[in-house]
Amino acid sequence: MDIGQAIKELRTKRGMTQEQLADSVGMSINAISSWELGKTIPPKATIEKLCRAFGIPVSYMLLAAIDEQDIPEEKRVLYRALLEPLKNELL
């Protein structure tokens, strides 16, 4: 799971800069950058703030963070077929 990539994807889809996101969740730009680069992972309370800033439930953030490697190999065809349309609709 790569929560950092999900944060970056959601931020860019919403047309937000790292600075705008940092301001909206009360964190530093360095923290946002660190998450997006996969150097650190935000704590649960911060994930909840991020989701409020993006206007999505936490479960949507977790969906966006699922990596293909997290899925059993025999289910990856289904995962690939469903993921992009589902992400586009929900996120």
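Residues numbered from 1 in each chain as written. Predicted model: local features only at pLDDT ≥ 70, side-chain atom pairs only at ≥ 80, totals over all residues. Heavy atoms only, no water.

Q: It is not clear to me how the side chain of Glu36 should be interpreted in this structure. Could you clarify?
A: Assignment of secondary structure puts Glu36 in helix α3 (residues 29-36). According to the relative accessible area criterion, Glu36 is buried, its value standing at 10%. Polar side-chain contacts of Glu36 include one of 2.6 Å to the side chain of Arg11. Polar contacts involving the side chain of Glu36 include one to the side chain of Gln18, which spans 2.8 Å. (Helix = DSSP H or I, 4+ residues; strand = E, 2+ residues; numbered from the N terminus. Buried < 20%, exposed > 50% of the residue type's maximum accessible area, 1.4 Å probe, protein only. Polar contact = N/O pair within 3.5 Å; in protein donor to acceptor, adjacent residues only side chain to side chain.)

Q: How should I be thinking about helix α4 (residues 44-54) in this particular structure?
A: Residues Thr46, Ile47, Leu50, Cys51 and Phe54 constitute the buried set of α4. Looking straight down α4, one finds its buried side chains confined to an arc of 145°; they lie on one side. Looking at the buried residues of α4, the elements they touch are α1 (3-13), α2 (18-25), α3 and α5 (58-65). Within two residues after α4, Gly55 carries a phi angle of roughly 75°, on the positive side. (Arc of directions from axis to C-beta. Contact = heavy atoms within 4.5 Å.)

Q: Sorry, what's going on with the nonpolar core here?
A: Generally speaking, soluble globular proteins have nonpolar side chains that are buried together. If you look at the biggest cluster of nonpolar residues, it comprises 20 residues, and the most contacted ones within it are Ile7, Leu21, Leu50, Phe54, Ile56 and Met61. Residue assignment for this core shows that the elements contributing at least two residues are α1, α2, α3, α4 and α5. With residues near it in sequence (within four places) discarded, Leu21 still touches Ile7, Arg11, Met16, Ile32, Leu50, Ala53 and Phe54. (Core = buried A, V, L, I, M, F, W, Y, C linked by side-chain atoms within 4.5 Å.)

Q: Which parts of the structure should I look at to understand the environment of Asn30?
A: On the secondary structure map, Asn30 appears in helix α3. Residue class for Asn30 comes out exposed when judged on its relative accessible area of 64%. Along the chain, Asn30 and Leu10 lie 20 residues apart, while their C-alpha atoms are 18 Å from each other.

Q: Help me understand the environment of Leu78 in this model?
A: Tracing the backbone through its elements, the reader meets Leu78 in helix α6 (residues 76-90). In the structure, Leu78 is positioned 22 residues away from Ile56 in sequence and 24 Å away in space, judged by C-alpha atoms.

Q: Please explain the packing of α2 against α4 as it appears in this structure.
A: Remark: α2 packs on α4, axes separated minimally by 9 Å, with the N-to-C direction vectors making an angle of 115°. Between α2 and α4 lies a crossing whose hand is right-handed. Residue-level contacts link Leu21, Ser24 and Val25 of α2 to Lys49, Leu50, Ala53 and Phe54 of α4. Looking at the contact of α2 with α4 residue by residue, the classes come out as five nonpolar, one polar and one charged. (Axes fitted to C-alpha atoms, helices over the stretch in contact; angles between N-to-C directions. Left-handed = near helix turned anticlockwise from the far one by under 90°. Nonpolar A, V, L, I, M, F, W, Y, C, P; charged D, E, K, R; others polar.)

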